[in-house]
Amino acid sequence: MSFVPTFWRDRILRAHFLVNLGIGVLIALVFTVTATTQWGEVLLNAAFDVMVRYEHSSLTADAQGKSPLFFVEITPQEYRQWGEPLITPRDRLASLVETAWQKGAPVVALDVILDKPDLLDPAGDAKLRGLLERMLRENARTQVVLPVRVGSEGDLRPHLFEDLLERRTADGRKILHRAAPIVVASESDLLNRFWGAYEVGRDAHGKPQIIWSLPVVAAALYHDARSGTAAASAELDRAAAALLAAGSREPREAHGSEGEGHHVSIGTSLIHLSALQTGPAPEAATTMYLAGESHSLPYTQRIRFLIPAGVRDRRDAGNFRPGLSPDSLAGRIVLIGNGSPETGDILATPVGRMPGMFLIGNAINTIVSGKMPVHLPAWQHFAIEALIIVFAAWLFLHFHSTLAQILSSLVFIVLLVPFSWAIYQQWGLFFNFLVPVLGMQLHKTADGFEEMIASRGKKHHHHH
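Because the structure is a prediction, the values reported are computed rather than measured.

Topic: the UniProt feature "transmembrane region" (unreviewed entry) in the protein chain
Okay, so step 1: With numbering matched to this structure, UniProt assigns "transmembrane region" (unreviewed entry) to residues 12-33, 378-397 and 404-424.
Okay, so step 2: From the first C-alpha to the last, residues 404-424 spans 28 Å; its make-up is 100% helix and 0% strand.

Laid out in C-alpha cells, this is it:
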C-alpha cells in the first residue's frame, strides 16, 4: 500500500499545499530573473561577503604559510624617510629585484608603474635598466612582471623600459613581461572584490594588444616555473590571438558577452574570458577595442582574501636582504609594492581597507591555489531549491505563518549555512543561503495575504 500524506486526502489542505508550492516556485523564479540586476548583485555580494569575511577572520599562521606569495612592502615609515617621493626610487627597486633574483625567486612582480623617467634621479633609472639588461645577458631564471597602463582613450602608455620588454635572454627566453594591475570594484558599493583578466591597448602603430592582468601573468609564470614548461604562457598567447581574431572578424555592439571557447587554463584554474567590445576610437575613423564585460566576475574572478596585510611572509623594503639564505625565495612569487597611504593606493575591500599590493597578492593566490569560487552546478542548485520549496510548503501548511517562518529560519541557520560554508571552504562551490531566508519572508507575506483573503471570505459568508 502506497504511503499518502494525510493532508493530501483532504481537498482543502491539498489545495493549500499546492498554493504554497506555487508561491515557492514563483519566489524562485523572481530570484532567478533578478539575479543579473543590481538588486541581485547586492544580494549575491552580501552572501559572498559573509563567507569571505569569516574565512579571512579565521586565518591561521599555517594557512597563510601555504601561500606562495612573499611581500616586500615599502612601509609608510620608509616612504616618509625617503621624503615621500612622487616617483618610487628606481635604485631601491633595482636592489629589491636583484635580491629576489639572487635568492632564487622564480617570479618577481612589481606593483609600481614605471612609465615616466625620474628627472630628479636619472642614475636610479640607469641602475634599474642595468640590472634588467644584466638579467637578460646572464640568462636569469627569474621572471619579472612590470606593470603598464592603458590610457583613457585606449592607448597603451609607454613604458620606461619598452625596448627591454621586447628582448629575450641570450638563450632565447622571454623573462620581462608587461601586465595591467587590474582590480575591479562593485558598482553598488565600490568595494574591490574582483580581479580583471585583461585590458586592450593600442600600441604606437594603432594596433590593438591584449594586456593580461598582473594576477593572471604572475600566476601563469609561476605555474610554468613549477611545471618546467611554458604551457600557461602559451595559453595566454593563444587566447590573446583568439580574442583579437574574433573581435576583428565579428564586430560587436558595446555590450559584453562570453567569447565562445575563449578561456585560459592555469594549473587547475579555468578562466573564462569575455569577448571584446568595440566602439569608435577618438580618431573616429578607426575602431577601438575594449575588454568585454566579464560574466565571470560574480564567481570565478572574485578574490578570496586568504592573505592578511600583516602576513607572516613579508618584509619591509629596507630589511629585505638581511637574513635571507640562498634559495630562500625558491618557489615564491615576490611582490614588491608601496603600502603607504600617501600614495593613494589604499583600497576598500569586503575585509577592510588594504594596500593595493595585498589586494593583487590575494588575487594571484586565488588563482594559483586553485580556489577560485564557482557557482554550484545548476542541477544541484535547482535540486536544493526544490527541496526548500517543498519543505516550506509543508511548514506553512501545518503551522501559522509566523511560527513557520521561525522554524524554517532555525532549520536554515542550523543546516543550510554550515552546508554552504563547508562546500565553499572545501571546493569553492557557492550556494547563496540568503535566497531561502528572504524567500521565507516573502512566503510569510504571501501566506498572510492568503489568510487575510480567506478570513474576509468567511466573514462575508457569515454575514449572509
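Examining the packing of aromatic side chains
In this description, a pair of aromatic rings is defined by centroid distance and the angle of the planes.
Okay, so step 1: A full pass over the atoms with the stated rule returns nine aromatic pairs.
Okay, so step 2: With a centroid separation of 5.9 Å and 65 degrees between ring planes, the pair formed by Phe-48 and Tyr-299 is classed as edge-to-face. Pair noted here: Phe-48 is in helix H3 (residues 38-57) and Tyr-299 is in the loop between strand S12 (287-290) and strand S13 (314-316), with a separation of 251 residues, a long-range link.
Okay, so step 3: Since its relative accessible area comes to 0%, Phe-48 is described here as buried.
Okay, so step 4: With a centroid separation of 6.3 Å and an interplanar angle of 40 degrees, the aromatic rings of Trp-421 and Tyr-424 are classed as tilted. Taken together, the positions of Trp-421 and Tyr-424, both in helix H13 (residues 401-427) and three residues apart, correspond to about one turn of that helix.
Okay, so step 5: The partly exposed category is assigned to Trp-421, whose relative accessible area is 22%.
Okay, so step 6: On the basis of relative accessibility, which here comes to 0%, the residue Tyr-424 falls in the buried class.
Okay, so step 7: Linked through ring pairs, Phe-48, Tyr-54, Tyr-299, Trp-421, Tyr-424 and Phe-430 together constitute an aromatic cluster.
Okay, so step 8: Note that Arg-304 overlies the ring of Tyr-424, its terminal NZ or CZ placed 4.3 Å from the centroid.

Overview of helix H6 (residues 90-102)
Okay, so step 1: Look at H6: 18 Å from first C-alpha to last across 13 residues, which is about the 18 Å you get at 1.5 Å a residue.
Okay, so step 2: All of the buried residues along H6 are Arg-90, Leu-93, Ala-94, Leu-96, Val-97, Glu-98, Thr-99, Ala-100 and Trp-101.
Okay, so step 3: Of the surrounding secondary structure, the elements contacted by the buried residues of H6 are strand S1 (69-74), strand S2 (107-110), helix H7 (122-137), strand S3 (143-147) and strand S14 (333-338).
Okay, so step 4: At the exit of H6 stands Gly-104, carrying a positive phi of roughly 90 degrees.

Some thoughts on the packing of H6 against H7
Okay, so step 1: Put simply, H6 and H7 touch, their axes get as near as 7 Å, and they point 25 degrees apart. Taken together, the axis directions place H6 and H7 in an arrangement best described as roughly parallel. Remark: the crossing between H6 and H7 carries left-handed chirality. Where H6 approaches H7, its residues Arg-90, Asp-91, Leu-93, Ala-94, Ser-95, Val-97, Glu-98 and Trp-101 are matched on the opposing element by Gly-124, Asp-125, Lys-127, Leu-128, Leu-131, Arg-134 and Met-135.
Okay, so step 2: The residue makeup of the contact of H6 with H7, split by class, is seven nonpolar, two polar and six charged.

Describing a nonpolar patch on the surface
Okay, so step 1: A cluster of nonpolar residues, Trp-394, Phe-399, Leu-403, Ile-406 and Leu-410, forms a patch on the protein surface that exposes about 450 Å² of accessible area.
Okay, so step 2: Relative to the elements of secondary structure, Phe-399 occurs in the loop between helix H12 (378-398) and H13.

Here we look at the side chain of Asp-224
Okay, so step 1: Its location among the elements puts Asp-224 in helix H9 (residues 214-227).
Okay, so step 2: At 3.3 Å, the side chain of Asp-224 forms a polar contact with the backbone nitrogen of Ala-231.
Okay, so step 3: The residues contacting Asp-224, other than those within four sequence positions of it, are Thr-229, Ala-230, Ala-231, Ala-232 and Ser-233.

Overview of the sheet that holds S14
Okay, so step 1: Reading across the sheet, the six strands line up as S4-S3-S2-S14-S1-S13 and stay open at both edges, with parallel pairing between neighbours. The open sheet has two edge strands with one neighbour each: strand S4 (176-179) and S13. Averaged over all pairs of adjacent strands, the angle between strand axes in this sheet comes to 20 degrees, irrespective of strand direction.
Okay, so step 2: Both S1 and S13 contribute to a ladder of three bridges, which runs parallel. Of the residues in S13, the one forming a bridge with Glu-73 is Asp-316.
Okay, so step 3: Sheet contacts for helix H11 (residues 356-368): S1, S13 and S14; angle to S1, the most-contacted strand, approximately 175 degrees.

Remarks on the pairing of S4
Okay, so step 1: Both faces of S4 are covered, namely the face carrying Leu-176 and Arg-178 and the face carrying His-177 and Ala-179.
Okay, so step 2: As paired elements, S3 and S4 share four bridges and run parallel to each other. In the strand pairing of S4, Val-145 is matched with His-177.

Brief notes about the packing of H9 against H11
Okay, so step 1: Taken N-terminus to C-terminus, the directions of H9 and H11 make an angle of 45 degrees; their axes are 9 Å apart at the nearest point. In terms of their interaxial angle, H9 and H11 are classed as oblique. As for the relative orientation of H9 and H11, their crossing is right-handed in sense. Each of Leu-214, Pro-215, Val-216, Ala-218, Ala-219 and Tyr-222 in H9 lies in contact with H11, whose residues at this interface are Ile-360, Ala-363, Ile-364, Ile-367 and Val-368.
Okay, so step 2: When grouped by side-chain class, the residues that make up the contact of H9 with H11 number eleven nonpolar, no polar and no charged.

Some words on the nonpolar core
Okay, so step 1: Ranked by size, the top nonpolar core spans 62 residues in total, and within it Trp-195, Tyr-198, Trp-212 and Leu-273 carry the most contacts.
Okay, so step 2: It is H9 that provides the largest number of residues to this core, a total of eight residues.
Okay, so step 3: Both domains that furnish three or more residues to this core are identified here as domain 1 (6-36 + 375-460) and domain 2 (61-250 + 257-279 + 290-369).

Regarding H13
An α-helix turns once per 3.6 residues; consequently, residues spaced three or four apart project the same way.
Okay, so step 1: For H13, with 27 residues, the first-to-last C-alpha span of 36 Å sits near the 39 Å given by 1.5 Å per residue.
Okay, so step 2: The sharpest bend along H13 comes to roughly 35 degrees, located at Phe-412.
Okay, so step 3: Of all the positions in H13, only Ser-401, Ala-404, Gln-405, Ser-408, Phe-412, Leu-416, Ser-420, Ile-423 and Tyr-424 are classed as buried.
Okay, so step 4: Of the residues one or two after H13, Gly-428 is the one with positive phi, at around 80 degrees.

Rules behind the numbers
- Residues numbered from 1 in each chain as written.
- Predicted model: local features only at pLDDT ≥ 70, side-chain atom pairs only at ≥ 80, totals over all residues.
- Heavy atoms only, no water.
- UniProt positions renumbered as here; feature names shortened; annotations may be inferred.
- Helix = DSSP H or I, 4+ residues; strand = E, 2+ residues; numbered from the N terminus.
- Phe/Tyr/Trp six-rings, centres within 6.5 Å; stacked < 30°, edge-to-face > 60°.
- Buried < 20%, exposed > 50% of the residue type's maximum accessible area, 1.4 Å probe, protein only.
- Lys NZ or Arg CZ within 6 Å of the ring centre and 35° of its normal.
- Expected span 1.5 Å × (residues − 1).
- Contact = heavy atoms within 4.5 Å.
- Axes fitted to C-alpha atoms, helices over the stretch in contact; angles between N-to-C directions.
- Parallel < 35°, antiparallel > 145°, perpendicular 65-115°, else oblique.
- Left-handed = near helix turned anticlockwise from the far one by under 90°.
- Nonpolar A, V, L, I, M, F, W, Y, C, P; charged D, E, K, R; others polar.
- Patch = residues over 30% accessible without salt bridge, like charges linked within 9 Å, V, L, I, M, F, W, Y side chains within 5 Å.
- Areas by Shrake-Rupley, 256 points an atom, 1.4 Å probe, with all protein chains shown as cover.
- Salt bridge = Lys/Arg side-chain N within 4 Å of Asp/Glu carboxyl O.
- Polar contact = N/O pair within 3.5 Å; in protein donor to acceptor, adjacent residues only side chain to side chain.
- Pairing = 2+ DSSP bridges.
- Core = buried A, V, L, I, M, F, W, Y, C linked by side-chain atoms within 4.5 Å.
- Domains from an automatic or database assignment.
- Bend = angle between axes of the 7 residues up to and from the residue.

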